[in-house]
Each structure stands twice: as C-alpha cells, then as structure tokens.
Amino acid sequence: MKTLMMTTAVCLNMATSVFADGHATGFLDYTVTDDDLLASEFIGMRVYKAEGDVDFASNMVADAQTEWDDIGEINELVISRDGEVLAVIVGVGGFLGIAEKDVALEMSQIGILREADDADDFFLVIKSSTEAIEAAPSFARVMEKAEMAADRAMLTAPTVARDGYVTTERSDLTADMLTGARVYGVSDEDVGEIGSLLLDDDGTIGRAVIDVGGFLGFGEKQIAVTFDELTVLREDGGDDVQVYIDASQEGLEAQPAYVNP
C-alpha cells in the first residue's frame, strides 16, 4: 500500500518539534519514492466499492475494477494538529440511487491496489455494501452553534431572479453547495462569501457566516446571518448556487461581527 505523504502533516509535525526543542528545525532531507503518494494526487481520486473479499497485499488482476462500483471521489482530508489523518472525506452518490453526500472514512479502510501490468496505475478500494454507504452519516463543514449579536438588525431577503437559476429552499441545499459560495448584493455586486455554516440547537443548519472584506484571507470580518435573510438561487438542473443579500459590502462590514464561541 502506498504511503501517504502530506505537506500539511509535515508542517504540523515540524511545528510541534520546534516548540518541543528550540534547537530543532524539523526539516527533512526527503526524496519522494515510487511508493509515496502526494496529497495533491490523493485528493480528487475516485473511490471504488467492493463487496467481496479483496487481497490488498497483492496486485489486482486485470480488469478487476469492472466488478466494483465507482462511488465517488476524495474531497478532503481531516488532519490533527500532530499530523495524523483523522478522516478521509469522500463525496459519494450518483450510483444505485444513493443521494449525493460527503462521508468520512478512516484512512485504514481505504485499500490501494496496483495494476498487475502497470505499476503506475492503481485504484482506491473500500470493502462496503451499498446499504452501509447509504446509512453512513453525512459529513458537513459546520461549526457547532450560532451566537447572534443581540443588537443586530435583521435584513429582509431580496427578491431576485436570474436566467437559468431557480429560488431554492434551504432543505434542498447541502453544506458542500453552500460553503465557499459567493454572496451578492441585489445589483450583483460581490459582497463576500459563505465561509462556514452554523448549527441551531436542534442540530440543523440555521445560519451562514459570511466572510466580508479583507485581502487574500487577511482582515476579513465574519457576519452571521439567518437563511431568512438570504435568497439562494440554484442552477436549474445543476448544483451551482448564487446567494443574495439585501446589503452592500460596506453595510455588512457595519454589522456586529460574529465571534465563534
């Protein structure tokens, strides 16, 4: 099985070493080998499901993938502060009627099988049933709870219509669609982006945190708004979303900042 080598993990380990020993730098004289896998290659790879026994210690037989289901692709890695891979986030769905969602897998559950005739070609395979994937909890990039400033004035969701897009209810949207979506004023001026989502007490996504202003991620101000203040348009027949709010960038910057509790 290939070794997962991640720049992020190396940096985290290096930082830990520096704090532990002021004389250590943590830099490595490392040369990538044929058995290594860069995170930039790992993210975006397709993942296959095999319900029968799979010998991960041997090379795969020719055309073995024809017996597997392509369940999705790797979207993200969750890494602890000491560099451990806590979870591999796989976007599944679109096969056998399973709805699209992100699920978290342990790294140890993902087998890497090489082609017998081509050492450079390999597949990522998990042993699972369709029912288990369907029942797996969704992974959402959300914070625990929204705390709204008591003196914040609520905005009114604007009425917006755009060709090729339809107004969409919150229940029809996923965290993946919303996180990172650009936010526009009613005149189509770009006022920020949704940086994260917040859970209400009942565990449902209740608010969105808009990152406003700043440059290259620095100096941004975070404003938490309810979905009643937003109009979300979804591409007709697609997953692209456009988010609108009845405020300018300056108006949002004047709002009380959201502070993560």
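All values derive from a computational prediction rather than experimental measurement.

Asker: Got a minute to help me understand the overall build of the protein in this structure?
Answerer: Within the protein, the regular secondary structure consists of five helices and 16 strands. Counting every atom, the protein has about 14900 Å² of accessible surface; 49% of that belongs to carbon and sulfur.

Asker: Even after reading the chapter, I still don't get the sheet that holds strand E6 (residues 101-105), so can you show me in this structure?
Answerer: The strands that make up a sheet are held in pairs by hydrogen bonds between backbone atoms, and each pair lies either parallel or antiparallel. Taking strand neighbours across the sheet as the criterion, the six strands line up as E6-E5-E4-E3-E8-E7 in an open arrangement whose pairing is mixed. The two strands at the open ends of the sheet, each matched to only one other strand, are E6 and strand E7 (111-114). Each strand axis lies, on average, 40° off the axis of its neighbour in the sheet, ignoring direction. With four bridges joining them, E7 and strand E8 (residues 122-127) adopt antiparallel strand pairing. Residue pairing for E8: Ile 112 is matched across the bridge by Leu 124.

Asker: Please explain the packing of aromatic side chains as it appears in this structure.
Answerer: The relation between two aromatic rings is expressed through the spacing of the ring centres and the mutual angle of the planes. Following the criterion strictly, the structure yields four aromatic pairs and no others. Arranged with centres 5.5 Å apart and planes meeting at 70°, the rings of Tyr 48 and Phe 123 form a pair that is edge-to-face. With Tyr 48 in strand E3 (residues 46-50) and Phe 123 in strand E8, this residue pair connects regions lying 75 residues apart in the sequence. In this pair, the class of Tyr 48 matches that of Phe 123, namely buried. Aromatic pair Tyr 184 and Tyr 244: ring centres 5.7 Å apart, planes at 35°, arrangement tilted. Here the residue Tyr 184 occupies a position in strand E11 (residues 182-184), and Tyr 244 occupies one in strand E16 (residues 241-245), the gap between them amounting to 60 residues. Relative accessible area serves as the criterion here: at 2%, Tyr 244 is assigned to the buried category.

Asker: Explanation requested: the side chain of Lys 49 in the structure shown.
Answerer: Tracing the backbone shows Lys 49 in strand E3. Using a relative accessible area of 2% as the deciding quantity, one classes Lys 49 as buried. A polar contact of 3.4 Å, which involves the side chain of Lys 49, links it to the side chain of Thr 130.

Asker: Would you explain the pairing of strand E15 (residues 230-235) in this entry?
Answerer: The side chains of a regular strand alternate, first on one face of the sheet and then on the other. With three bridges connecting them, strand E10 (residues 165-167) and E15 associate as antiparallel partners. Pairing of Thr 167 across the sheet is with Leu 233, part of E15. Relative to E16, E15 runs antiparallel, the two being bridged by five bridges. Paired with Leu 230 across the strands is Ile 245, a residue of E16. Here E15 folds back onto E16 in antiparallel fashion, the turn holding five residues, of which Gly 237 has a positive phi close to 85°.

Asker: Would you take a moment to explain the nonpolar core for this structure?
Answerer: If you look at soluble globular proteins, the nonpolar side chains tend to sit buried side by side. Leu 230 and Ile 245 are the most contacted members of the largest nonpolar core, which has 23 residues in total. Elements that contribute at least two residues to this core include exactly helix H4 (175-178), strand E12 (190-199), strand E13 (205-212), strand E14 (221-226), E15 and E16. Contact partners of Leu 230, with chain neighbours within four places excluded, come to Ala 157, Ala 208, Ile 210, Val 225, Val 243, Tyr 244 and Ile 245.

Asker: Help me understand the pattern of salt bridges, please; the structure alone is not making it clear to me.
Answerer: Side-chain pairing between opposite charges can occur once the charged atoms of the two side chains come close. In this structure the tally under the stated criterion is seven salt bridges. For the salt bridge of Glu 73 with Arg 46, the shortest nitrogen-to-oxygen distance reads 3.6 Å. Of the two residues, Glu 73 sits in strand E4 (residues 69-79) while Arg 46 sits in strand E3, which places them 27 residues apart along the sequence. Taking the relative accessible area as the measure of exposure, Glu 73 reaches 31% and is therefore partly exposed. A salt bridge links Arg 182 to Glu 193; the nearest nitrogen and oxygen atoms lie 3.0 Å apart. Note that Arg 182 is positioned in strand E11 and Glu 193 in strand E12, a separation of eleven residues in sequence. Classification of Arg 182 by relative accessible area gives partly exposed; the value is 34%. Here the residues in one salt-bridge network are Arg 46, Asp 70 and Glu 73, joined through shared partners.

Scoring rules and cut-offs
- Residues numbered from 1 in each chain as written.
- Predicted model: local features only at pLDDT ≥ 70, side-chain atom pairs only at ≥ 80, totals over all residues.
- Heavy atoms only, no water.
- Helix = DSSP H or I, 4+ residues; strand = E, 2+ residues; numbered from the N terminus.
- Areas by Shrake-Rupley, 256 points an atom, 1.4 Å probe, with all protein chains shown as cover.
- Pairing = 2+ DSSP bridges.
- Axes fitted to C-alpha atoms, helices over the stretch in contact; angles between N-to-C directions.
- Phe/Tyr/Trp six-rings, centres within 6.5 Å; stacked < 30°, edge-to-face > 60°.
- Buried < 20%, exposed > 50% of the residue type's maximum accessible area, 1.4 Å probe, protein only.
- Polar contact = N/O pair within 3.5 Å; in protein donor to acceptor, adjacent residues only side chain to side chain.
- Core = buried A, V, L, I, M, F, W, Y, C linked by side-chain atoms within 4.5 Å.
- Contact = heavy atoms within 4.5 Å.
- Salt bridge = Lys/Arg side-chain N within 4 Å of Asp/Glu carboxyl O.

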